[in-house]
Amino acid sequence: MKVKKYKRGLAVMLGLALAVQLPGSVPFHMLDSYAYTGAATVKASSLNVRSGAGTGYQAVGRLAAGASIQILGEQTGTDGNTWYQIRFSGTGGAQQTGYVSAAYIRLPVSYTTDAAFEAKLSSEGFPESYKDGLRQLHAQYPNWIFKAKKTGLDWSTVIENEALLGRNLVSSGSISSWKSVESGAYNWDNSTWTGFDGSNWVAASEDIIRYYMDPRNFLDDTYVFQFLSHEYNSGTQTREGLSKMVEGSFLSGTTSSTGSGNTDSGSGTSSSSGSSVSKDGPGGSSGSDEDAEYGPGVTGKTGGSSSGGTGNVSLEAPHASVTPREHNLVMSSVSVGQAPGAGSSNTGTQSQGPSGSGLETQSAGTSASGSSTSGGSGTVSGTSGGDSSVSVGQAPGTNASSNGQTSGPGEGSTVSGNSGPGGGTSGQTSDSSGGSQTTAPGSNRSYIDIIMDAASQSGVSPYVLAAMILQEQGTGGTSPLISGKYSGYEGYYNFFNVEAYQSGSMSAIQTGLRYASQSGSYGRPWNTVEKSIIGGAKNYGDNYVKAGQNTFYLKKFNVQGSNLYKHQYMTNIQGAASEAERLSKAYSSVKDSALEFEIPIYNNMPETACVAPVGDGSPNNKLSSLTAEGYSLTPSFGKDTESYSLIVDTSVSSIQVNAQAADSKATVSGAGNIALTGSSVDIAVTVTAENGSTRTYTIHVAKQDGGPISSGGGGSSDSSGGSENASSPAGPGASGGPGSTQSSGSTPGGSNVTIVGVSP
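Notes on the structure in this doc start here.

Cut-offs used in this document
Residues numbered from 1 in each chain as written. Predicted model: local features only at pLDDT ≥ 70, side-chain atom pairs only at ≥ 80, totals over all residues. Heavy atoms only, no water. Helix = DSSP H or I, 4+ residues; strand = E, 2+ residues; numbered from the N terminus. Contact = heavy atoms within 4.5 Å. Areas by Shrake-Rupley, 256 points an atom, 1.4 Å probe, with all protein chains shown as cover. Salt bridge = Lys/Arg side-chain N within 4 Å of Asp/Glu carboxyl O. Buried < 20%, exposed > 50% of the residue type's maximum accessible area, 1.4 Å probe, protein only. Phe/Tyr/Trp six-rings, centres within 6.5 Å; stacked < 30°, edge-to-face > 60°. Lys NZ or Arg CZ within 6 Å of the ring centre and 35° of its normal. Pairing = 2+ DSSP bridges. Axes fitted to C-alpha atoms, helices over the stretch in contact; angles between N-to-C directions. Expected span 1.5 Å × (residues − 1). 1 Å grid on protein atoms, 1.4 Å probe; cavity = no way out; pocket = protein on both sides within 12 Å on 5 of 7 lines; lining within 4 Å. Points joined across faces, edges and corners; volume = space filled by probe spheres on them. Nonpolar A, V, L, I, M, F, W, Y, C, P; charged D, E, K, R; others polar.

1. A short note on the overall build of the chain
What the chain contains, in helices and strands, is 13 helices and 33 strands. The contacts of the chain with a sequence gap of at least 6 include a subset with a gap of at least 24, amounting to 71%. On the chain, roughly 26500 Å² of surface is accessible, and the fraction owed to carbon and sulfur atoms is 48%.

Written out as structure tokens, the structure reads:
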């Protein structure tokens, strides 16, 4: 008894000693003396690091899937769950400490050397940098088979192509280092990002593209499923497994929208009027912990899309088209003022563009059914361009030519100059029947049974089909694309968002439902839920799985075949990882079987895995004006010109240099009254952005006899920027701007788009 008391006393003393190292703002919780300490990795798509052990504490950082951390200790959080105190690499590689929920951290697994497995890794040609992750997986699942997919592509070339403007997107609520500042992606005059498919989605930075394309970051028992084959296998893909996967989502319910059509617009959980399913669903957050984002339909805190008035927000918007279309820029800028073609929705929901403009999210002439969706597709962004001759709210059966003009009913099924999901009529499978429809019209049928039928007819795994639907429509299933109640397209459904992209003044919802309403391939018109799911599944099977893009990774990043970097199902940079999480859950009961994974390898890859950027804050480190009072600079000032010349008389002893930052969050040093000593002086004016990046402008001053003493004029300001923009609050973190905590309406898709929001 005395021994037990003695040990308990030591534990208390040790807990007190460790507790004094916690941040002062954190309430005292004794750390467990027996807790694991050491290396670990993140197993959520995006995970907040907080100042204390609980979701009520301020976020001090954000970590992506696979990020390496050091666990310093553990304690019980304010939510009653276990939290780890960790050390992690922050901005610029600086070491920081904070707290994360233990539920989203993966501890290392002990690996005993397996000679046969090591030989297999070498014979496959896996680089050394892949092997540690694969060894960990082998220790957990010795039956798994790993094959190296040797792309033969140069890593730098791949990144260069995937970084083309608009090819990969992130939520506008992402941290700034995830967002591109390349030409066309960022407006340096007002510190806003250019919107794609509405104001909520922006171009991804090259650094975050590198991270999500590097397979080495995802060699764990969750995200490795983005490398699993999508072919249907009746032996391992069962109805029971599918039931477990969709539990808590609308796909666990039934629909009366079955058979060949001529029924009402559906019932039960397929209705846009809402459902009783859990908002968390598969992959959702547990309890009050909203720090982790796994993927499809998860709810959490983000500056992304609205979630149907529940106060939560969805992390996903629909994928959109399965066509090999290049991404279209539908908003040339996202500045204050309503975009042409924007109008009122009957929900009253507004989408805050990056400059806080309050753009309406419903296109003119349409009315959305119900409120904003949990799948991120309840609202439609008006466009700032496009062909105004396109009829908004076009009636079913009409069509559009490549210039966006409408054609009459019955004039063909080509949409916007695109010959179909396969990218050409010659490569598209024609199947006007969409497979045998044996269900009696109007009969109640479970989504699970419909998806299992779709799998057998399409050759695509039912787990993959379910993951795609939930990724695109959210766990609540309240998207207008599947409600059957969208104005002008009542009774039509598009579960896989085929051909759903924004075109001219037509929204992604309208183009998607127009495609569904037309007679044509894959059993269209899709006038029942059953026809839409089966037809969409066959479409995906023909144009992706059977075309070699047979994994989530290859569907997102097409690094095989002859159509490299194109024909990519979605532009969401996190798409493959988030879908993999849901697929992993579906396989939870059969993970001990001999699953086969095909993992890409590139030539000339970095020696170690690419890390996710963590920096935040406005990147704008440019000036809006630079003047030397009484003198003219050569050349005239431009925000992108960093070197200037100035000649003054030898009698001039000083000049007044004035500089104004383009962004109010930036600081300027080096300006003011500058002494001119010697025959020449270089005046360096440095702008430091909120995110810490710097840019230096230099004025080379030379003294000459007979030079100007004062020209009487000032310098110049950048006509495209101007000092009037210097106080613009539209940068990251500003109200309504990128990174703001306001909920904004979500736009479904666009050209091949899905977005995963990032929680604040």
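2. Brief notes about the pattern of salt bridges
The final tally for this structure, using the stated rule, is 19 salt bridges. Note that Arg 135 and Asp 132 form a salt bridge whose closest N and O atoms lie 3.0 Å from each other. Here the residue Arg 135 and the residue Asp 132 both occupy positions in helix α3 (residues 128-140), the gap between them amounting to three residues, near one helical turn. Look at Arg 135 and you get buried, because its relative accessible area is 18%. One continuous salt-bridge network, built from bridges that share partners, spans Arg 106, Asp 220 and Asp 221.

3. Structural notes on the packing of aromatic side chains
Under the definition given, this model contains 29 aromatic pairs. Judged by centre distance (6.5 Å) and plane angle (75°), the ring pair of Trp 144 and Phe 146 falls under edge-to-face. Like Phe 146, Trp 144 is buried. Among the aromatic side chains, those forming a connected cluster through ring pairs are Phe 117, Tyr 141, Trp 144, Phe 146, Phe 225, Tyr 463, Tyr 587 and Phe 597. Arg 524 extends its terminal NZ or CZ atom over the ring of Tyr 515, reaching a point 3.7 Å from the ring centre. Looking at Arg 695, its charged tip hangs above the ring of Trp 188, at a distance of 5.7 Å from the centre.

4. Some thoughts on the sheet that holds strand β27 (residues 643-649)
The strand order across the open sheet formed by four strands is β27-β32-β31-β29, and the pairing between neighbours is mixed. Two strands bound the open sheet, and with one partner strand each, they are β27 and β29 (667-669). When strand polarity is set aside, the average angle formed by the axes of neighbouring strands in this sheet is 20°. With three bridges connecting them, β29 and strand β31 (residues 680-688) associate as antiparallel partners. Paired with Ser 669 across the strands is Thr 686, a residue of β31.

5. Considerations on helix α7 (residues 447-458)
Taking 1.5 Å of rise per residue, the twelve residues of α7 would be expected to cover 16 Å, and the 16 Å separating its terminal C-alpha atoms lies within 8% of that figure. Of all the positions in α7, only Tyr 447, Ile 448, Ile 450, Ile 451, Met 452, Ala 454, Ala 455 and Ser 458 are classed as buried. Close packing links the buried residues of α7 with α6 (239-246), β13 (254-255), β24 (445-446), α8 (462-473) and α11 (529-543). Note on α7: the residue one or two positions beyond its end, Gly 459, has a positive phi of about 80°.

6. A few points about the layout of surface pockets
If you add up the space inside the largest pocket, you get close to 1100 Å³. Along the wall of the largest pocket there are 44 residues; nearest its centre are Thr 41, Gly 66, Ala 67, Ser 68 and Asn 217. At the level of secondary structure, the elements contributing two or more residues to the lining of the largest pocket comprise β1 (38-42), β3 (59-64), β4 (68-76), β5 (82-89) and α3. Residue composition of the lining of the largest pocket, by class: 20 nonpolar, 17 polar and seven charged.

7. Regarding helix α13 (residues 575-586)
Between the first and last C-alpha of α13 there are 17 Å, a value that for twelve residues agrees with the 16 Å anticipated at 1.5 Å per step. Within α13, eleven of the twelve residues are buried, which leaves the element mostly enclosed by the surrounding structure. Among the residues of α13, those classed as buried are Gly 575, Ala 576, Ala 577, Ser 578, Glu 579, Ala 580, Glu 581, Arg 582, Leu 583, Ser 584 and Ala 586. Contacts from the buried residues of α13 go to α5 (206-213), α6, α8 and α12 (552-556).

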